[in-house]
Amino acid sequence: VQLQASGGGLVQAGGSLRLSCVASGRTFSSYAIGWFRQAPGKEREFVAAISRSGDSTSYVDSVKGRFTASRDNAKNTGYLQMNSLKPEDTAVYYCGAAYTRGFTTVTSPGYYNHWGQGTLVTVSS
């Protein structure tokens, strides 16, 4: 599966953005989707994940209550709604797809088989 991430941009603190991750292929529902980010000079970190069916989600503590992961399997698309953005959310955001037969989220980057190209989110103070 190939992934195309989009939706990044420049936003003021407190604003919102919605990232999209469109997948090619017909087996999108076989993949858990994850969102990771990498800020300048830092390692890539887990942000959010959603299970194959969309029933389960996981978040890093710093975004809980502000970010929401969702997906539309009919459209082969995953989403990350980001509200109440903070300057520390500034990073390149990547979506990943992890092939799994399980029904839970996948939070470890090592399990992700496919990655999108990344989309830059810049939050100004």
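Residues numbered from 1 in each chain as written. Predicted model: local features only at pLDDT ≥ 70, side-chain atom pairs only at ≥ 80, totals over all residues. Heavy atoms only, no water.

Chemist: How should I be thinking about the pattern of salt bridges in this particular structure?
Modeler: Side-chain pairing between opposite charges can occur once the charged atoms of the two side chains come close. What the rule picks out here adds up to four salt bridges. In this structure, Glu45 and Arg37 form a salt bridge, with 2.6 Å as the shortest nitrogen-oxygen distance. Across the pair Lys64 and Asp61 runs a salt bridge whose closest N-O atoms are separated by 3.0 Å. Accessibility expressed as a relative area gives 61% for Asp61, which makes it exposed. Members of the salt-bridge network, linked through shared partners, are Arg37, Glu45, Arg66 and Asp89. (Salt bridge = Lys/Arg side-chain N within 4 Å of Asp/Glu carboxyl O. Buried < 20%, exposed > 50% of the residue type's maximum accessible area, 1.4 Å probe, protein only.)

Chemist: Please explain the nonpolar core as it appears in this structure.
Modeler: One broad rule of soluble globular proteins: the nonpolar side chains tend to lie buried together. Counting 28 residues, the largest nonpolar core has Trp35, Val47, Phe67, Leu80, Met82 and Tyr93 as its most contacted members. Contributing elements (two or more residues each) for this core: β1 (3-6), β3 (17-23), β4 (31-38), β5 (45-50), β7 (67-72), β8 (77-82), β9 (91-99) and β11 (119-124). Filtering out sequence-adjacent residues up to four positions away, Val47 remains in contact with Trp35, Phe36, Arg37, Ser58, Tyr59, Val60, Val63, Phe67, Leu80 and Tyr93. Of all hydrophobic cores here, the second largest spans seven residues; its members include Ala32, Phe36, Phe46 and Ala49. (Core = buried A, V, L, I, M, F, W, Y, C linked by side-chain atoms within 4.5 Å. Helix = DSSP H or I, 4+ residues; strand = E, 2+ residues; numbered from the N terminus. Contact = heavy atoms within 4.5 Å.)

Chemist: Mind showing me how you'd approach the pairing of β5 here?
Modeler: Two faces make up the sheet, and in a regular strand the side chains alternate between them. Of all the six residues making up β5, five are buried; the element is thus mostly covered by neighbouring parts of the structure. As defined by bridge partners, β4 adjoins β5 across five bridges and the pair is classed as antiparallel. When the bridges of β5 are listed, Trp35 appears paired with Ala48. Between β4 and β5, which pair antiparallel in sequence order, lie six residues; one of them, Gly41, sits at a positive phi of approximately 80 degrees. The pairing of β5 with strand β6 (residues 57-59) spans three bridges and is antiparallel. Paired with Ala48 across the strands is Tyr59, a residue of β6. Counting the residues that bridge the hairpin from β5 to β6 gives six residues, and of these Gly54 lies at a positive phi of roughly 90 degrees. (Pairing = 2+ DSSP bridges.)

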